[in-house]
Amino acid sequence: MMRISFGTSGWRGILCEDFIVDNVKVVIRAIADHLIASREQHKGVIVACDTRFMGQRFVEEAARVLAGAGVKAYLCERDTPTPVISFEILRCHAAGAINFTASHNPPEYNGVKFSPSWGGPALPETTSDIEQRANQMLGAACCTTLSLEDASRQGLLERIDPRQRYLKALEEKVDFDAIAHLGKVALNPLYGTGRGYLDDPLKQRGIPYVIINDHLDPYFGGQPPEPSESHIPDFIALVKNDPAIRLGLATDGDADRFGILDSDGSYIEPNYIIALLLDYLIRVRKLEGGVARSVATSHLIDAVARKHGIPVYETPVGFKYVGELISQDKIVIGGEESAGLSIKGHVPEKDGILACFLVAEMVAREGKTIRELLERLYGEVGRFVTRRDNLKLSPQLENEYVNKITALPAEVAGAKVKEVVRIDGTKLLLADGSWILFRKSGTEPVVRLYGEASTEARLTEVMAAGRKFIVG
């Protein structure tokens with residue numbers, strides 16, 4: 001039986017299977033009822049989408065359902081990045097936002113993401129309430145709607161374009177004057193919402209750039225719109241083959257994640273980018289506060305934090321937990337290994353656009369390549385090498401997983417287990433500074449295995465031991 005289930009970033013489904021107009025209308029009505037129960041419906045809701053199939057149709061259906069419930073909708077006129085939606089929530093003091101996006105997922109997916117009035121991704125208590133309301137309504141004729149014309153006449157619909165407001169605010173967070181001295185930059189919005197956000201600030205300042213994949217393509221060029229190394233071979237080739245390019249900057253489908261290429265076309269893991277930016281923001285920008293990272297993110301961040309004497313907040317996976325700390329003004333930067341970050345004074349949501357420009361500023365002001373900056377940092381705090389593998393489980397192994405993860409080994413790859421962290425999944429901290437993390441997927445028979453060590457060779461040993469423990 002079909003059920004609505006919100007994951008770390010909302011409800012996602014496959015178009016024309018579970019993600020259909022009738023089910024979407026139920027979810028939107030559940031969000032409206034949640035806001036009514038919270039007495040926030042009078043503030044209105046931002047409604048937007050990314051570049052996927054039928055995005056604008058879903059946006060309009062959502063506006064009709066919201067209007068039927070007496071909730072005003074602020075409709076974004078074009079596909080809009082997730083961080084821009086968060087910015088607009090805070091700017092106009094809205095009750096929240098409904099965003100039709102499946103982020104970096106393959107093109108056959110779409111999703112509904114709800115962000116409440118504080119601007120970050122909804123916390124579990126909010127999504128649980130929306131889930132419960134939606135599942136009670138599934139299959140019933142529950143949605144009174146208004147036409148867009150009637151909604152507009154009754155003041156329940158307003159069309160907006162937050163792009164220029166967001167880009168103006170970004171000038172306060174990024175030193176574009178420094179970037180102007182960087183040299184040529186390569187850009188790749190991956191057919192997503194980053195179009196006009198990555199390139200326009202450079203174009204306006206006469207900063208040289210080259211851009212690819214900047215037209216609408218709901219198939220995303222045949223790849224998931226994820227700026228990871230395996231999905232951007234054309235971008236890597238572009239940067240490698242043009243010696244004038246100093247940096248490659250990419251965003252995912254809804255521009256909340258980033259992908260960075262050094263001047264030689266080498267892909268730089270997000271873990272390392274977060275650590276470099278933390279060091280830069282404290283050392284050069286003189287920002288004050290702690291740092292937040294998810295349980296799956298590199299301890300290189302912890303080493304940088306020790307260098308500067310600041311606290312580290314370890315969170316479950318899901319940027320909502322990092323976003324809370326941003327909104328409470330507790331941290332300089334918060335990030336996840338899956339290429340999400342935001343900074344002090346910015347939105348409590350992942351922002352791939354901001355991340356790209358901060359890296360460009362850092363490289364421009366430091367006058368070094370990213371690899372040179374990373375080697376310098378390693379010399380100061382030690383070397384960290386990270387990796388993630390997906391372990392597929394047979395039905396038998398899936399049944400055995402809970403028992404395995406409760407009967408943990410005393411040592412891994414020759415090093416004693418000194419601490420077990422169960423914030424999210426099961427993380428084993430080893431006596432030699434290495435660690436591994438097991439996280440079971442909630443939707444498929446897969447265990448995600450994360451690991452970190454001081455060398456590639458040691459990491460290979462640790463990961464092999466982790467794999468053997470789970471699959472034999």
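The rules behind these values
Residues numbered from 1 in each chain as written. Predicted model: local features only at pLDDT ≥ 70, side-chain atom pairs only at ≥ 80, totals over all residues. Heavy atoms only, no water. Helix = DSSP H or I, 4+ residues; strand = E, 2+ residues; numbered from the N terminus. Rg over C-alpha atoms; globule rule 2.2 N^0.38 Å. Buried < 20%, exposed > 50% of the residue type's maximum accessible area, 1.4 Å probe, protein only. Contact = heavy atoms within 4.5 Å. Areas by Shrake-Rupley, 256 points an atom, 1.4 Å probe, with all protein chains shown as cover. Lys, Arg positive; Asp, Glu negative; His and termini not counted. Charge placed at Lys NZ, Arg CZ, Asp CG, Glu CD. Arc of directions from axis to C-beta. Pairing = 2+ DSSP bridges. Axes fitted to C-alpha atoms, helices over the stretch in contact; angles between N-to-C directions. Polar contact = N/O pair within 3.5 Å; in protein donor to acceptor, adjacent residues only side chain to side chain. Phe/Tyr/Trp six-rings, centres within 6.5 Å; stacked < 30°, edge-to-face > 60°. Lys NZ or Arg CZ within 6 Å of the ring centre and 35° of its normal. Parallel < 35°, antiparallel > 145°, perpendicular 65-115°, else oblique. Left-handed = near helix turned anticlockwise from the far one by under 90°. Nonpolar A, V, L, I, M, F, W, Y, C, P; charged D, E, K, R; others polar. Patch = residues over 30% accessible without salt bridge, like charges linked within 9 Å, V, L, I, M, F, W, Y side chains within 5 Å. Salt bridge = Lys/Arg side-chain N within 4 Å of Asp/Glu carboxyl O.

Any details on the overall build of the protein chain? Residues and values, ideally.
When helices and strands are counted, the protein chain shows 16 helices and 21 strands. For 472 residues, the compact-globule estimate of 2.2 N^0.38 gives 23 Å, and the protein chain sits close to it at 22 Å. If you line up the protein chain on its principal axes, its C-alpha atoms span 65 × 60 × 40 Å. Residues classed as buried in the protein chain amount to 59% of the 472 residues present. Partitioning the contacts of the protein chain with sequence separation of at least 6, the portion at a separation of at least 24 is 70%. In the structure as shown, the protein chain presents an accessible area of about 18200 Å², 47% of it carried by carbon and sulfur atoms. Taking the average location of the 56 positive side-chain charges in the protein chain and that of its 63 negative ones, the two points are 2 Å from each other.

Tell me about helix α15 (residues 395-406), residues and numbers included.
Three or more residues of α15 are buried, namely Leu 397, Tyr 401 and Ile 405. Considered in projection along α15, the buried side chains sweep an arc of 75° and stay on one side of the axis. More than 90 degrees from the buried face of α15, the exposed residues found are Pro 395, Gln 396, Asn 399, Val 402, Asn 403 and Thr 406. Residues of α15 that are buried sit in contact with β19 (426-430), β20 (435-440), β21 (446-453) and α16 (456-471).

Pulling in residues and values, what's your account of the sheet that holds β20?
On the basis of which strands lie adjacent, the open sheet formed by six strands has the order β16-β21-β20-β19-β18-β17 and antiparallel pairing. A strand with exactly one partner marks an edge of an open sheet, and here the two such strands are β16 (385-392) and β17 (411-412). Sheet analysis places β20 next to β21, joined by six bridges and oriented antiparallel. Opposite Leu 437, over in β21, you have Tyr 450 as the bridge partner. Packed onto the sheet, α15 meets β19, β20 and β21 and runs at close to 140° relative to β20.

Break down unusual backbone geometry for me, with residues and values.
Phi angles above zero are rare outside glycine, and Arg 39 is one such case at about 60°. Mapped onto the secondary structure, Arg 39 falls in the loop between α1 (21-37) and β2 (45-49). Even without a glycine there, the phi angle at Leu 190 is positive, about 55°. Within the secondary structure layout, Leu 190 lies in the loop between β7 (184-188) and α8 (200-204). On the accessibility criterion, Leu 190 (4% relative accessible area) is buried.

I'd like to hear about the side chain of Glu 361, residue by residue, with values.
Tracing the backbone shows Glu 361 in helix α13 (residues 352-366). Of the residues examined, Glu 361 reaches a relative accessible area of 0% and is grouped as buried. A distance of 2.6 Å separates polar atoms of two side chains, one belonging to Glu 361 and the other to Tyr 280. A polar contact is formed between the side chain of Glu 361 and the side chain of Arg 285, at a distance of 2.9 Å. Non-local contacts of Glu 361, meaning those with residues more than four positions away in its chain, are made with Lys 173, Val 174, Asp 175, Ala 178, Ile 179, Tyr 280 and Arg 285.

Report on the sheet that holds strand β5 (residues 109-116), specifying residues and quantitative values.
Across the sheet, six strands lie side by side as β1-β5-β4-β2-β3-β6; this open sheet has mixed pairing. In this open sheet, the two edge strands, each paired with only one partner strand, are β1 (11-14) and β6 (157-160). Averaged over neighbouring strand pairs, the angle between their axes works out to 20° when direction is ignored. In this sheet, β5 lies alongside strand β4 (residues 96-100) in antiparallel orientation, the contact comprising five bridges. By the bridge assignment, Asn 99 is partnered in β5 with Lys 113. Contacts from α1 reach β1, β2, β4 and β5 within the one sheet, and its direction differs from that of β5 by about 5°.

With reference to specific residues and values, describe the packing of aromatic side chains.
Counting across every chain of the model gives eight aromatic pairs. Taking 5.7 Å as the distance between ring centres and 20° as the angle between the ring planes, the aromatic pair formed by Phe 58 and Phe 100 counts as stacked. Placement of Phe 58 in helix α2 (residues 55-68) and of Phe 100 in strand β4 is noted, with a sequence separation of 42 residues between them. For the pair Phe 58 and Phe 100, one class covers both residues: buried. An aromatic cluster is defined as three or more aromatic residues linked by ring pairs; in this entry it consists of Trp 11, Phe 19, Phe 58 and Phe 100. The cationic tip of Arg 205 hangs over the ring face of Phe 176; the distance from NZ or CZ to the ring centre is 4.3 Å. The ring of Phe 469 is capped by Lys 404, whose NZ or CZ atom sits 5.8 Å from the centre of that ring.

Which residues make up the packing of helix α10 (residues 270-283) against helix α11 (residues 300-308), and what values do they have?
Axis angle and axis distance: for two packed helices, these are the angle between their axes and the distance between the axes, and together they describe the pair. Contact pair α10 / α11: the axes reach a minimum separation of 9 Å and the direction vectors enclose 15°. With respect to their mutual orientation, α10 and α11 come out roughly parallel. For the element pair α10 and α11, the recorded crossing hand is right-handed. Each of Asn 271, Tyr 272, Ile 274, Ala 275, Leu 278, Asp 279, Ile 282 and Arg 283 in α10 lies in contact with α11, whose residues at this interface are Leu 300, Ile 301, Val 304, Ala 305, Lys 307 and His 308. Here the contact of α10 with α11 is composed, by residue class, of nine nonpolar, two polar and three charged.

So what's going on with a nonpolar patch on the surface? Residues and values would help.
A contiguous nonpolar surface patch, about 310 Å² in accessible area, is contributed by Phe 53, Met 54 and Tyr 219. Residue position: Tyr 219 is located in the loop between β8 (209-211) and α9 (233-240).

Requested: an account of the packing of α1 against helix α4 (residues 124-137), with residues and values cited.
Between α1 and α4, the shortest axis-to-axis distance is 8 Å and the interhelical angle comes to 125°. Considering the angle they form, α1 stands oblique to α4. Where α1 crosses over α4, the two elements pack in a sense that is right-handed. Two secondary-structure elements touch here, α1 through Val 26, Val 27, Arg 29, Ala 30, Ile 31, Asp 33, His 34 and Ala 37 and α4 through Thr 126, Asp 129, Ile 130, Arg 133, Ala 134 and Met 137.

I'd like a description of the pairing of strand β9 (residues 245-251), backed by residues and values.
Put simply, side chains in a regular strand alternate between the two faces of the sheet. Among the seven residues that make up β9, six are buried, leaving the element largely enclosed by the rest of the structure. The sheet contact formed by β7 and β9 spans five bridges and is parallel. By the bridge assignment for β9, Asn 188 is matched with Ala 250. Relative to strand β10 (residues 258-261), β9 runs antiparallel, the two being bridged by four bridges. Along β10, the bridge assignment pairs Leu 249 with Ile 260. Between β9 and β10, which pair antiparallel in sequence order, lie six residues; one of them, Ala 255, sits at a positive phi of approximately 65°.

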